[in-house]
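Next come the chains, spelled out residue by residue.
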Amino acid sequence: MEKKMSFGAKVKEAFRKFLVSLKHKPHNIPMVMLVITFLYYSLNLTHISDTTAKINVSPMGLCGFIVMLFSILSLVCFMNAFPHRKPVNIPMLVIMFIMFAAIIAADVIYNNCIVQAVFYAEKPIQITANTIYIAYAQKNIRVHEILMGVSIVLIVLLPLYAKLIRKIDTSIEVEAGKEMGEIDISSED
């Protein structure tokens, strides 16, 4: 007969199952961070596109394209770099970090183009209510750089915290096993 579990016991069991899944696949932590980083950039692409159209300096469009393309490709490289139940695929890991370097370089170049157009151009662009998207784009680029940095740190430190996660005790106590006594296997006929 099954006992009904209380809400607290259900939450505790769900957390235990989550930890068990992390023990088997600790690389899901940086994967989630990479997806969050990609989604942040993608969902704020309107401000970046409007800024590119307004400033219209040569490498800005290319930088936006590089960030989007390499963000998607780096997710694919990540999945291939950490295959399930196989050792790490080093060439894919190297390619992924090269793409990360290109993404960060593109963000820095894009940010510098904004700074040049707003502060140092012959005819600087004024940030008004109509061009506030430029300030939003600059903020989004900076936040994207920070999120990329966090993703890179999580990937680099993966072997360290994977060992720590594996040390967490996720076993459950079985009450029925305690009540069992000796089992008599002798045949009495």
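For the structure given in this document, a descriptive report is provided here. Bear in mind the structure is a predicted one, so any value in this text is a computation, not a measurement. (Residues numbered from 1 in each chain as written. Predicted model: local features only at pLDDT ≥ 70, side-chain atom pairs only at ≥ 80, totals over all residues. Heavy atoms only, no water.)

Observations regarding the environment of Glu13
Stage number 1. Relative to the helices and strands, Glu13 resides in helix H1 (residues 7-24).
Stage number 2. A sequence separation of 157 residues divides Glu13 from Thr170, and the C-alpha atoms of the two residues are 9.7 Å apart.
Stage number 3. Contact partners of Glu13, with chain neighbours within four places excluded, come to Met5 and Ile172. (Helix = DSSP H or I, 4+ residues; strand = E, 2+ residues; numbered from the N terminus. Contact = heavy atoms within 4.5 Å.)

Observations regarding the nonpolar core
Stage number 1. Membership of the largest hydrophobic core comes to 38 residues, with the highest contact counts inside it found for Phe78, Met96, Phe100, Tyr110, Ile114 and Ile155.
Stage number 2. If one sorts the elements of this core by residue count, helix H5 (residues 90-120) sits on top with 11 residues.
Stage number 3. Here Ile114 is in contact with Thr51, Ile55, Met60, Ile134, Ala137 and Gln138, once residues within four sequence places are set aside. (Core = buried A, V, L, I, M, F, W, Y, C linked by side-chain atoms within 4.5 Å. Buried < 20%, exposed > 50% of the residue type's maximum accessible area, 1.4 Å probe, protein only.)

Regarding the pattern of salt bridges
Stage number 1. What the rule picks out here adds up to one salt bridge.
Stage number 2. For Glu13, the salt bridge goes to Arg16, with nearest N and O atoms at 2.8 Å. With Glu13 and Arg16 both in helix H1, this residue pair falls three residues apart, about one helical turn.
Stage number 3. Accessibility expressed as a relative area gives 22% for Glu13, which makes it partly exposed. (Salt bridge = Lys/Arg side-chain N within 4 Å of Asp/Glu carboxyl O.)

Side note on the packing of helix H3 (residues 45-55) against H5
Stage number 1. Axis separation between H3 and H5 bottoms out at 11 Å; the angle between their running directions is 50 degrees. It follows that H3 is oblique to H5 by the angle criterion. At the point where H3 passes H5, the crossing takes the left-handed sense. Within the contact between the two elements, H3 uses Ile48, Thr51, Thr52 and Ile55 and H5 uses Tyr110, Cys113, Ile114 and Ala117.
Stage number 2. Taken together, the residues of the contact of H3 with H5 break down into six nonpolar, two polar and no charged. (Axes fitted to C-alpha atoms, helices over the stretch in contact; angles between N-to-C directions. Parallel < 35°, antiparallel > 145°, perpendicular 65-115°, else oblique. Left-handed = near helix turned anticlockwise from the far one by under 90°. Nonpolar A, V, L, I, M, F, W, Y, C, P; charged D, E, K, R; others polar.)

Overview of the state of the cysteines
Stage number 1. Under the definition given, this model contains zero disulfides.
Stage number 2. Note on Cys63: no disulfide assigned, nearest cysteine sulfur contributed by Cys113 at a separation of 6.1 Å. (Disulfide = S-S within 2.5 Å.)

Describing helix H6 (residues 132-156)
Stage number 1. Here H6 is 25 residues long and its end C-alpha atoms lie 37 Å apart, about the 36 Å a rise of 1.5 Å per residue gives.
Stage number 2. Taken together, the buried positions of H6 are occupied by Tyr133, Ile134, Ala137, Gln138, Asn140, Ile141, His144, Leu147, Met148, Ser151, Ile152 and Ile155. (Expected span 1.5 Å × (residues − 1).)

Comments concerning the packing of H3 against H6
Stage number 1. At a minimum axis separation of 8 Å, H3 and H6 run at an interaxial angle of 120 degrees. By the angle between their axes, H3 is oblique relative to H6. Crossing of H3 against H6: the hand is left-handed. Touching His47, Ile48, Asp50, Thr51 and Lys54 of H3 are Tyr133, Ile134, Tyr136, Ala137, Asn140 and Ile141, all from H6.
Stage number 2. Tallied by class, residues from the contact of H3 with H6 come to six nonpolar, three polar and two charged.

So, a nonpolar patch on the surface
Stage number 1. A cluster of nonpolar side chains, namely Val153, Val156, Leu157, Leu160 and Leu164, defines an oily patch on the protein surface of about 460 Å² accessible area.
Stage number 2. Counting only elements with at least two residues in the nonpolar patch, the list comes to H6 and helix H7 (158-166).
Stage number 3. For Val153, the location among the structural elements is in helix H6.
Stage number 4. Note on Val153: relative accessible area 47%, which makes it partly exposed. (Patch = residues over 30% accessible without salt bridge, like charges linked within 9 Å, V, L, I, M, F, W, Y side chains within 5 Å. Areas by Shrake-Rupley, 256 points an atom, 1.4 Å probe, with all protein chains shown as cover.)

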